[in-house]
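Summary of structural features
One-letter residues, chain by chain:
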Amino acid sequence: MYYSRIIGSGSSLPERRLTNFDLEKMVDTSDAWIMERTGISSRHIVTDESSADLASEAAKEAIVNADIDPKLIDLIIVATCTPERLLPNTGCLVQNALGIRGCPAFDLNAACSGFIYALSVADQYISRGLYKHILTVGTDTLSKIVNWEDRTTCVLFGDGAGAIVLRADHTPGILGTHLYSDAANRDVLYATKTHADTSPIIKMRGRELFKVAVNTLEKLAIDTLDKHGFKHDDLDWLVPHQANLRIIKAAAKRLKLPLDRVIQTVQKHGNTSAASLPLALHDGIQSGKVKQNELVMLEVFGAGLTWGSALLRY
Ligand code: COA
């Protein structure tokens, strides 16, 4: 039996930063409204970069931080709902950017929850002893499918990528991952093409989604701790999906966790979809907050609806 241990993390954010004040010039909104309702103050938006470009940069940094030769990577999994190309998959483009050949590479799409799904798949391969090093990436450029005239959605999202390298180890590691989907709310957040020649456009019923998200995440966090026999006091860090500061605060309150034990990046990244969790995790690691062997919970929700959690020892 092997455990998956995180041995390196990385991130990539587009250079261009879009503040709430920039958005005031684009749609009928205000910095005060966005701050009060979401906690977001700025986000990064791509100019020419694709999800694959961001993923490749994050992957390179994660591999450098893991201090391994990229050739040791046995598998690449990329979570994204905004791939650069329909085919080949983003994982193959990342593999090419890393200058390696032969290892399997694939994408998966579970919207914002994609990274937890990818982590779960990677963990199965490692725990069964099939692979030793797995590169797991979350990357999205939702700015490409946002309607920039719709103030109810365009203020929420940002672009970015986060990556981690997992290594098989005899000490934990990922203790468990828990995945869920329920399509009853498939129309609360979705993107389809409006015309054959246009990109998909995001549509969302925000208020409805807010309530579902708060209830789902509160239950998810408690259930995850219960399943592993931990109490809320045992948790060192909560790394929640970075969609809305109010949702994050509600989840922390239910867990009786002070906010200084919750990694928060939503203020500067907005909601970066599949990149949200690995970006936040990398931020926590890089800033020196998350330390070796601490107990960390990742939790997320997204279109589908999909949701899930992971409990791990860093
Ligand atoms: N600027 C100014 N006013 C805005 C606005 C904006 N960007 N967007 C909406 N409004 C207006 C609405 O039109 C509404 O006006 P009305 O009262 O005259 O009808 C008012 O603000 C309140 O809108 P409401 O949707 O009820 O606000 P809210 O408190 O629910 O906050 C969200 C809206 C989107 C921030 C919040 O519902 C949310 O975060 N939902 C979850 C979204 C999410 O997490 N999505 C990603 C999932 S992975």
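Everything numeric here is computed off the predicted structure, so don't read it as measured data. (Residues numbered from 1 in each chain as written. Predicted model: local features only at pLDDT ≥ 70, side-chain atom pairs only at ≥ 80, totals over all residues. Heavy atoms only, no water.)

1. Quick word on the overall build of the protein chain
If you tally the helices and strands in the protein chain, you get 10 helices and 13 strands. Against the 2.2 N^0.38 benchmark of 20 Å for 314 residues, the protein chain shows a C-alpha radius of gyration of 18 Å, consistent with a compact globule. Projected onto its principal axes, the C-alpha positions of the protein chain cover 55 × 45 × 35 Å. Across the 314 residues in the protein chain, those meeting the buried criterion constitute 55%. Put simply, 76% of the contacts in the protein chain that link residues at least 6 apart link residues at least 24 apart. Of the roughly 13600 Å² of accessible surface on the protein chain, 49% is carried by carbon and sulfur atoms. (Helix = DSSP H or I, 4+ residues; strand = E, 2+ residues; numbered from the N terminus. Rg over C-alpha atoms; globule rule 2.2 N^0.38 Å. Buried < 20%, exposed > 50% of the residue type's maximum accessible area, 1.4 Å probe, protein only. Contact = heavy atoms within 4.5 Å. Areas by Shrake-Rupley, 256 points an atom, 1.4 Å probe, with all protein chains shown as cover.)

2. A word on the sheet that holds strand E8 (residues 174–181)
Adjacent strands of a sheet form backbone hydrogen bonds with each other and so pair up, either parallel or antiparallel. Read from one edge to the other, the open sheet built from 4 strands follows the order E8-E13-E12-E11, with strand pairing classed as mixed. Two strands in the sheet have a free side with no partner beyond their single neighbour: E8 and strand E11 (237–240). The sheet shows a mean angle of 10° between the axes of neighbouring strands, taken without regard to direction. Taken together, the 7 bridges between E8 and strand E13 (residues 306–313) define a ladder with antiparallel strand orientation. By the bridge assignment, threonine 177 is partnered in E13 with alanine 310. The sheet strands contacting helix H5 (residues 114–127) are E8, strand E12 (295–302) and E13, and the helix crosses E8 at an angle near 130°. (Pairing = 2+ DSSP bridges. Axes fitted to C-alpha atoms, helices over the stretch in contact; angles between N-to-C directions.)

3. Re the state of the cysteines
Using the criterion set out here, one finds 0 disulfides in the structure. Not part of a disulfide, cysteine 81 finds its nearest cysteine sulfur in cysteine 112, a span of 6.7 Å. By relative accessible area, cysteine 112 is classed as buried at 8%. (Disulfide = S-S within 2.5 Å.)

4. Looking at the domain arrangement of the protein chain
What the domain assignment lists for the protein chain is domain 1 (3–169) and domain 2 (174–313). The straight-line distance from the C-alpha centre of domain 1 to that of domain 2 is 15 Å. Taken residue by residue, the interface counts 54 residues in domain 1 and 47 residues in domain 2. Carbon and sulfur atoms make up 63% of the area that domain 1 and domain 2 hide from each other, which totals about 3800 Å². On the domain 1 side of the contact with domain 2, Cys112, Ile116 and Ile145 bury the most area, a combined 17% of that side's loss. Between the two partners, domain 1 and domain 2, sit 0 salt bridges. (Domains from an automatic or database assignment. Buried area = accessible area lost by both parts, 1.4 Å probe. Salt bridge = Lys/Arg side-chain N within 4 Å of Asp/Glu carboxyl O.)

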